[in-house]
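Inside the fold
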There are 4 protein chains.
Amino acid sequence: MNFNFDKDNEEIVLRAEEFFATEMLPRHREWVETVCHDRKPPLFIKDIQEKAKGLGLWNLALPELAKDEPGTRLSNLAFAPIAEILGRLPWGSMAFNCHAPEVPNMAMLQALATPDQKEKWLNPLLNAETRSSFAMTEPDVASSDATNIRTRIEVDGDELVLNGRKWFATGGAHPECSFLIVMGVTDPEAGRTAQHSMVIVPIGTPGLTLVRELRFMGWADFVAPIGEFRLENVRVPATNLLGVRGQGFKGAQVRLGPARIHHAMRCIGMAEMVLAQMVARAHERKTFGRSIVEYDTVQKWIAEARIDIDLNRLFIQKAAWMLDNSPDKNTWRVVSQVKVSTPRMLQKVTDRAVQLFGAMGGTDDTLIHHAHTYARWFRIGDGPDEVHLRQIFKTEPVPEWTIADCPYIAPPGF
Amino acid sequence: MNFNFDKDNEEIVLRAEEFFATEMLPRHREWVETVCHDRKPPLFIKDIQEKAKGLGLWNLALPELAKDEPGTRLSNLAFAPIAEILGRLPWGSMAFNCHAPEVPNMAMLQALATPDQKEKWLNPLLNAETRSSFAMTEPDVASSDATNIRTRIEVDGDELVLNGRKWFATGGAHPECSFLIVMGVTDPEAGRTAQHSMVIVPIGTPGLTLVRELRFMGWADFVAPIGEFRLENVRVPATNLLGVRGQGFKGAQVRLGPARIHHAMRCIGMAEMVLAQMVARAHERKTFGRSIVEYDTVQKWIAEARIDIDLNRLFIQKAAWMLDNSPDKNTWRVVSQVKVSTPRMLQKVTDRAVQLFGAMGGTDDTLIHHAHTYARWFRIGDGPDEVHLRQIFKTEPVPEWTIADCPYIAPPGF
Amino acid sequence: MNFNFDKDNEEIVLRAEEFFATEMLPRHREWVETVCHDRKPPLFIKDIQEKAKGLGLWNLALPELAKDEPGTRLSNLAFAPIAEILGRLPWGSMAFNCHAPEVPNMAMLQALATPDQKEKWLNPLLNAETRSSFAMTEPDVASSDATNIRTRIEVDGDELVLNGRKWFATGGAHPECSFLIVMGVTDPEAGRTAQHSMVIVPIGTPGLTLVRELRFMGWADFVAPIGEFRLENVRVPATNLLGVRGQGFKGAQVRLGPARIHHAMRCIGMAEMVLAQMVARAHERKTFGRSIVEYDTVQKWIAEARIDIDLNRLFIQKAAWMLDNSPDKNTWRVVSQVKVSTPRMLQKVTDRAVQLFGAMGGTDDTLIHHAHTYARWFRIGDGPDEVHLRQIFKTEPVPEWTIADCPYIAPPGF
Amino acid sequence: MNFNFDKDNEEIVLRAEEFFATEMLPRHREWVETVCHDRKPPLFIKDIQEKAKGLGLWNLALPELAKDEPGTRLSNLAFAPIAEILGRLPWGSMAFNCHAPEVPNMAMLQALATPDQKEKWLNPLLNAETRSSFAMTEPDVASSDATNIRTRIEVDGDELVLNGRKWFATGGAHPECSFLIVMGVTDPEAGRTAQHSMVIVPIGTPGLTLVRELRFMGWADFVAPIGEFRLENVRVPATNLLGVRGQGFKGAQVRLGPARIHHAMRCIGMAEMVLAQMVARAHERKTFGRSIVEYDTVQKWIAEARIDIDLNRLFIQKAAWMLDNSPDKNTWRVVSQVKVSTPRMLQKVTDRAVQLFGAMGGTDDTLIHHAHTYARWFRIGDGPDEVHLRQIFKTEPVPEWTIADCPYIAPPGF
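Residues numbered from 1 in each chain as written. Chains lettered and ligands numbered in written order. Predicted model: local features only at pLDDT ≥ 70, side-chain atom pairs only at ≥ 80, totals over all residues.

Another aspect to go through is the overall build of chain A. The number of helices and strands found in chain A is 13 helices and 11 strands. A globule of 414 residues ought to have a C-alpha radius of gyration of about 22 Å, and chain A, at 23 Å, matches this closely. Considering only C-alpha atoms, chain A reaches an extent of 75 × 75 × 45 Å along its principal axes. Among the 414 residues that make up chain A, the fraction classed as buried is 58%. (Helix = DSSP H or I, 4+ residues; strand = E, 2+ residues; numbered from the N terminus. Rg over C-alpha atoms; globule rule 2.2 N^0.38 Å. Buried ≥ 20, exposed ≤ 12 C-beta atoms within 10 Å, placed from the backbone.)

Geometrically, the link from Ala100 of chain C to Pro101 of chain C is a cis peptide bond, its omega value of 0° lying close to zero. Residue placement: Pro101 of chain C occurs in the loop between α4 (76-87) and α5 (102-112). Backbone geometry places Ala128 of chain A, a non-glycine residue, at a positive phi of 60°. For Ala128 of chain A, the location among the structural elements is in the loop between α7 (115-126) and β2 (131-135).

So, on to the relation of the copies chain D and chain A. After a rotation of 180° and a shift along the axis of 0.0 Å, chain D superposes on chain A with an RMSD of 0.0 Å. Taken together, the rotation and translation describe the operation of a two-fold axis. Counting the interface residues of chain D, we find that 100% of their copies in chain A are interface residues as well, pointing to one common contact surface. (Least-squares fit on C-alpha atoms with pLDDT ≥ 70 in both. Contact = placed C-beta atoms within 7 Å.)

Turning our attention to the packing of helix α8 (residues 296-325) of chain C against helix α9 (residues 329-357) of chain C. All names here are of chain C. With their axes 9 Å apart at the nearest point, α8 and α9 run at an angle of 160° to one another. In this view, α8 runs roughly antiparallel relative to α9, as classed from their interaxial angle. Note that α8 runs across α9; the crossing there is left-handed. Here α8 contributes Val298, Trp301, Ala305, Asp308, Ile309, Asn312, Phe315, Ile316, Lys318, Ala319, Met322 and Leu323 to the contact with α9, which in turn contributes Thr331, Val334, Val335, Val338, Ser341, Thr342, Met345, Lys348, Val349, Arg352 and Leu356. Partitioned by chemical class, the residues of the contact of α8 with α9 number 15 nonpolar, 4 polar and 4 charged. (Axes fitted to C-alpha atoms, helices over the stretch in contact; angles between N-to-C directions. Parallel < 35°, antiparallel > 145°, perpendicular 65-115°, else oblique. Left-handed = near helix turned anticlockwise from the far one by under 90°. Nonpolar A, V, L, I, M, F, W, Y, C, P; charged D, E, K, R; others polar.)

Here we take up the interface of chain D and chain A. In this complex, chain D contributes 55 residues to the contact, which on the side of chain A involves 55 residues. When residues of the side of chain D that touches chain A are traced back to their parent elements, those giving at least two are β1 (2-4), α2 (28-37), α8 (248-284), α9 (296-325), α10 (329-357) and α13 (385-394) of chain D. Across the side of chain D that touches chain A, the residue classes break down as 32 nonpolar, 11 polar and 12 charged.

Put into structure tokens, the structure is as follows:
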């Protein structure tokens, strides 16, 4: 094992950190006021994106970025510290066009789209000129087992006809969202993992209805607002098929590794942001004649947060490095480990932050509720913990010895 | 120890259960649609209240209810199972006029108000003709130590002049709220616990501004919406002083015992409601070829919820019985034990419910988010756990022996 | 629900408490020295038993005690506080002949033995003139599923021939143990739960070998030392069959309810004993210039122990009361709840006690290691938690509604 | 951050792994029989040590090993995987002379001893010709605050006179132990951290009495048996002072970094060893008609163990690398993080192993009790978790902003 950050990387991290400090963080309150309170689009995001692009801080989360595509190609490991910086703010990743669901959608289009599809759907995303959404989860089935998905996609001449319901289509309720990538059944007679295909469905196609915007644990994500959709005889050209028919699941895999790792990196950023506030608050507040920070319960919360953050950050870096170097079965196990471990850490940190902040910690004045919700969501998003734990379990080798002949076990008279 | 539910009580519990089943639960979806989605007042609440009153299901949570006051006087223990029934719905307790903050406010007025004050402020509450709020917490200080409270109340002739900021005034943002009971400093030179007094401040008094409605962990409580207030030279008659000047804290104690117990009882109702949904969901859903309920992880979640619910329910009953029979120091300890234990239980149950329900469990379609937030709030509301744990610790007797002469410790050669 | 301790019971509890304080606790150090260090039998136990018997403090744990049997019949609920007192010392229950495995063995003999068997095996136990052991668990199979048991019992004329291995036969390694009650297969062709029978096997029968004494997590139980046995063509008269052939499991059920409840009650006694030492220690020790008790982490450990102890004690009382009044399916569920909840509590308390005591808490000078081991054992003894959790789960009713028509769930446009 | 294992290191790890597999593991049962059951010294250890030395597998845990000292110098990072291999067996580290307390004692002698002292005390240790013990902890004071230590060391001419009590002197009860390094007060009038000095006290010095051998949570460590000592007017030459007078604490620091890291590495080895047995057992056993491994609770235990082990291993490697490269304040923080995190992991893994193994898991047939005890001890040994958490807390920087001007906090109308 040997992972390191070279000099080049140090430079871009510093550049990102400075950009964050000077161009982004000072505008957070404006963002909250515009977006959260007034529920209007934050006009300054476009400005920030323009500046970031000019500084080479663009599309940093796409290791497969082609030479003729805009942005700077970084490895997953190199992107890790930047994802963490951006993760401190709910809207941070948008500044460098490194946010979900755009990044995994772009990665998928890079891998699967035809030249025409790239021209039409990928390029605008690479330039942040539009938004997109991935519509997989369905309200009627347990989507933790993706083969449960039931939306039907039928071929009718040179058209595809879609019928079904989708929800938790992240970003699908964004006013600028222009298309969905819909997973559905094209081949119901095929084997369990060969039935599904992906289709690009433009917003505005007749029969496609945004039923409502969803909240998760009270958090309405203004960055990638969650949509519930109804698809009733939605017709698109057959050329809107993305990737190989019946290979939908395989195709969608490309989303998952980096997506999970990026979420995890952002969790680290959130945890650091919350921890800093815990420390500040603990030093400021007084109860019963002494500063809160003098209570060793509070000291312990802070120290345990530090331990959990540092262990998880390092492990995420390792996972990123493995994704960069050998995206094999062993790497998937490590990604699953990250997926289970990191949100637990963030949920624990934020739960204690609420306890430390009291009522204020539950308001939307702080980002604690946001971070808590992100953590809670991540424990079920991209596959619930239970599924990842089962995957991890399955990779655990069975020893060659049985208990009876295990050399570590020594009954008397053996 | 000897607590029992007699026959009379059985009857009223059955009556409440039937009323809930026939008059309340069927209207929950209407309530959600009217209140949560359309953000309009639910007109049917008044009808339900009228019916409940007619059936003697009224003001059941006031053990000190006088003979000439409307409603049925029940002991805390007798009220426990009814509080649990009502707790299943966010708005349930309103049906019998047993909701917070009205109940603790009424209890306080019963104990402290002058006849004139009772006439003017208590009676309308007893008849659910108005709403009220208790304004104690302040944004600028750690309110877990109530002596930190800084709002100033100055005497100016026969008027009181209030200046300060209050937030987390539950119910204060309700459109029908007609007065606040404000805790503030009248005697800054007095001893640490003799500085504060309570004053009744009618909504509409010049200088009193509702700054905003607050959410907690994303939950906007449509039942008792939380207000943040600014008080700038707010003048009320000196007769609006509630209780004895400088005895504000002592006076407010009357709120706390029953309030905490009622919250805890409601938590049991919520936990049962969520658990039933977990069981139903687990039997319905299938992943990877088998019903979710066949996973023993899920079985364990359900069984552990059952254990935690039953232990807490029984202990709450004991606390209620003690409050009824001997509200002494020992009883306060038991109330604190309930206060710490029960929300932890509910938070654990609801966290697992989210995991079991997946994305749906985080939406507002279910009441899981509501229950989770209630639990999370209760861990800091009415005194954070840490303060209650310290109180419990302080009541723990120090043994007469030292470690050196402890008869249970036997070093060799003793 | 209505459980109370009447005056009679108060008196016997006081008598037991006084006996404990004057006759037992002062001899604990002697017991440790004699038994633990010198590994000799504690001669004073017989004296204490004689005195206790004279004071009517005898066989208090046998609710089915017949009129002509020695001792005082108490209900499970009435015995609870006494079991707790005795539980403070590892050998405490022996003083009143209320210890395991004798109590469940006596209960089983009361229920199943023939008059001759009672004369020969039960009476000496009732008078503490001998010791016994129940041999069920086997090293070669997972005994959490009792139907795995493989020891063979074959009928050969008017003799029974036993072959097999048994371990964790509690008390079987005691020098005064005179017989085992062995569970084995008599009817391998019968249904899964109708294959097993119980047989009384006297120590000394040819072919029966005590292989070794076992420790559990380093604890060698000097009160009921654990035996591992080999049975090779062990022959006993057919009259040694205990109960009905093929009904071994059903017969053994009689052991389980009270046994688990008694263990749980003892756990409460141990937890109180350890907690008192934690409090004493915390007040005595100083680090970094202040008394340990001033650290709120320590205060929290103490307070949380108090909460957990009190919740569990109350719930155990309820379980005892239910066993006394209606030993039905619902009662078994409650016993399982106790079985899961109480040892978790004790393990948590003792783990924190070690942390508070430091190195000393791990030595055998204190009883912390004993209590910790008892808790740890109880989580697998008498059925592992996982089996009890499954039983609890199975009793959870499935709601009549589905998620789709659940009245608590309100999707938009319902 | 950039840590890697180079080729040289790979080779020695493979050599160690092979030596473990062929020369060590096959003799474990012999070791158990000889040492644990018969309580005799394991003669083969000397043979193994001789072979290991011949293969260059000697003194690998001493980064400061001088050129003329026997063995192979490895960095802390390079030693990590070898410590893990050896940690699988309680006696494993002895094979390469890499066990506690010898390693930290040797490191301390390397740093502080005079040439004469090295000749007399260090060289025999480097060649495994004798054993030693570090006597710091005292029964009468809270040693988590080392300044509490009270053993007096007085100068009398050219002799030092020691009086006091020491316990938990690891290895002090080993029959081959030839000297203690005793920490005591030489300068009671000096500042709080300048009062203590260390003195070498040979076993056999008049006045030095081994009071008893101690067990911890039932584990009698046959590798480095724990001694309790009484020192009554123990006289040694003044030349036995180790290091600078009054600088005892500072001198002893040298023990701590590597000692803690080595313990942590061994914990990883133990956890892997236990996990492998859990996996084997889960595949073998059947209950209620299915293999235990089919229960997802068991799968989850295994997967969570894998996550916790891998996160901790990686973080330990980082800590080792930091110790090698920059043993500054930041590194100490990381060592403290390891010290808190790793034993928690091992305790959790072993607790679940007991649950999975049932009764057998608590016997001394497996090494689960050993591993559990090691974890439990490590949570208080080398400083209790609470002290390390406080140290970690203290290094956490306070943000420059206050909560009021925190850029991440956005109240309305800001």
